[in-house]
Amino acid sequence: MEWLRNNKINAALIVLLLIAIGSTVWNWYHPKETVSQTQYQALPKEKIVERIKTVKVPGPKEIVTIEKQVIVEKLKLPESVASDPNTVITANAEVPPSEGGTSVVTAFNTATGETTIIAKEKPLSLFGFPSNVETGVRYGLTSDGPQQGDIYARWQFLRVGKVYVGTYGEITTQPRARAMLEASFRF
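This is a predicted model, so every value here is computed, not measured. (Residues numbered from 1 in each chain as written. Predicted model: local features only at pLDDT ≥ 70, side-chain atom pairs only at ≥ 80, totals over all residues. Heavy atoms only, no water.)

J.: I'd love a proper account of the nonpolar core, names of residues and values included.
T.: Membership of the largest hydrophobic core is limited to 5 residues, which are Ile71, Val72, Leu77, Val81 and Ile89. Sequence-distant contacts of Val72, that is, excluding residues within four places in its chain, are made with Leu77 and Ala82. (Core = buried A, V, L, I, M, F, W, Y, C linked by side-chain atoms within 4.5 Å. Buried < 20%, exposed > 50% of the residue type's maximum accessible area, 1.4 Å probe, protein only. Contact = heavy atoms within 4.5 Å.)

J.: How would you summarise the pairing of strand S5 (residues 145-160) if you had to cite specific residues and measurements?
T.: Inspection of the sheet shows strand S3 (residues 127-128) paired to S5 by 2 bridges, in the antiparallel sense. Within S5, the position partnered with Gly128 by the bridge is Arg159. Counted along the chain from strand S4 (residues 132-142) to the antiparallel partner S5, the turn is 2 residues long. Between S5 and strand S6 (residues 163-172), which follow one another and run antiparallel, lie 2 residues, and Gly161 among them has a positive phi close to 65°. (Pairing = 2+ DSSP bridges. Helix = DSSP H or I, 4+ residues; strand = E, 2+ residues; numbered from the N terminus.)

J.: Quick rundown of helix H4 (residues 68-75)? Include the residues and the values.
T.: Every buried residue belonging to H4 is among Lys68, Ile71 and Val72, and all of these are buried. Buried residues of H4, viewed axially, fall in a sector of 100°; they line one side. Among the exposed residues of H4, those oriented more than 90 degrees off its buried face are Gln69, Glu73 and Lys74. Buried positions along H4 lie against helix H5 (79-82). Following H4 by one or two positions, Lys76 adopts a phi angle in the positive range, close to 55°. (Arc of directions from axis to C-beta.)

J.: Describe the environment of Glu79, naming the residues involved and giving the relevant values.
T.: Structurally, Glu79 can be placed in helix H5. Along the backbone, Glu79 and Gln174 are 95 residues apart, and their C-alpha atoms lie at a distance of 57 Å.

J.: Which residues make up the pairing of strand S2 (residues 115-121), and what are the values?
T.: Pairing between strand S1 (residues 102-108) and S2: 7 bridges, direction antiparallel. Bridge pairing in S2 places Phe108 opposite Thr115. Here S1 folds back onto S2, and the loop between the two strands holds 6 residues, one of which, Gly113, carries a positive phi near 80°.

J.: Residues and numbers for the confidence of the model for the chain, please.
T.: Mean pLDDT over the chain: 88, with 97% of residues reaching 70 or higher. Across the chain, S6 holds the top mean pLDDT of 95, while helix H1 (residues 2-6) sits lowest at 69. (pLDDT = per-residue confidence, 0-100.)

J.: Provide a residue-level description of the packing of aromatic side chains, including the pertinent values.
T.: Inspection of the entire model under this criterion finds 4 aromatic pairs. Seen from their ring centres, Trp155 and Phe157 are 5.0 Å apart, and the 50° between their planes marks the pair as tilted. On the basis of an interplanar angle of 75° and a centroid distance of 5.0 Å, the ring pair of Phe185 and Phe187 is categorised as edge-to-face. Looking at Phe185, the relative accessible area reads 46%, which means it is partly exposed. The ring of Tyr152 has Arg138 sitting right over it, with the charged end atom 4.0 Å from the ring centre. Here the guanidinium or amino end of Arg186 rests over the ring plane of Tyr164, the centre of that ring lying 3.9 Å away. (Phe/Tyr/Trp six-rings, centres within 6.5 Å; stacked < 30°, edge-to-face > 60°. Lys NZ or Arg CZ within 6 Å of the ring centre and 35° of its normal.)

Here it is, written out as structure tokens:
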């Protein structure tokens, strides 16, 4: 306990190091689910919806669809959709990026035969292990002399609400290097 009292900053750094290691392990065993950029894929239902039973309701005489041949060509939909005569495209939407995820529901009007897509951003949990990694190069003028270049790297491994905690390091052409802890707030 004596060491802890005399070395509070070192103790805080050790705690942050343990959190960073925990974040790495968490992200290794719980990789983020992403949507493919190369092909369309069926998405799973939300866990809460999986437990809700489905029921059949009578439908309209006609269903409003999007012209299948054109949308298959424009969006490069998979062959399994294009070649199936029983599959029709009833709606399309572009969902903006969301850090907490997005809940999407298709709503079908049985009177008009039209489908709409409604979406809602899911709230962020209080804690998260984002593992945001960024590297880059900077080059420009400085107020105290010649031009300067930097190579930098940033890793944000912990989120508490909208505050991100991580590490930052850079090497400059001066030559000078820095390694720092950082905390940032996202609006």
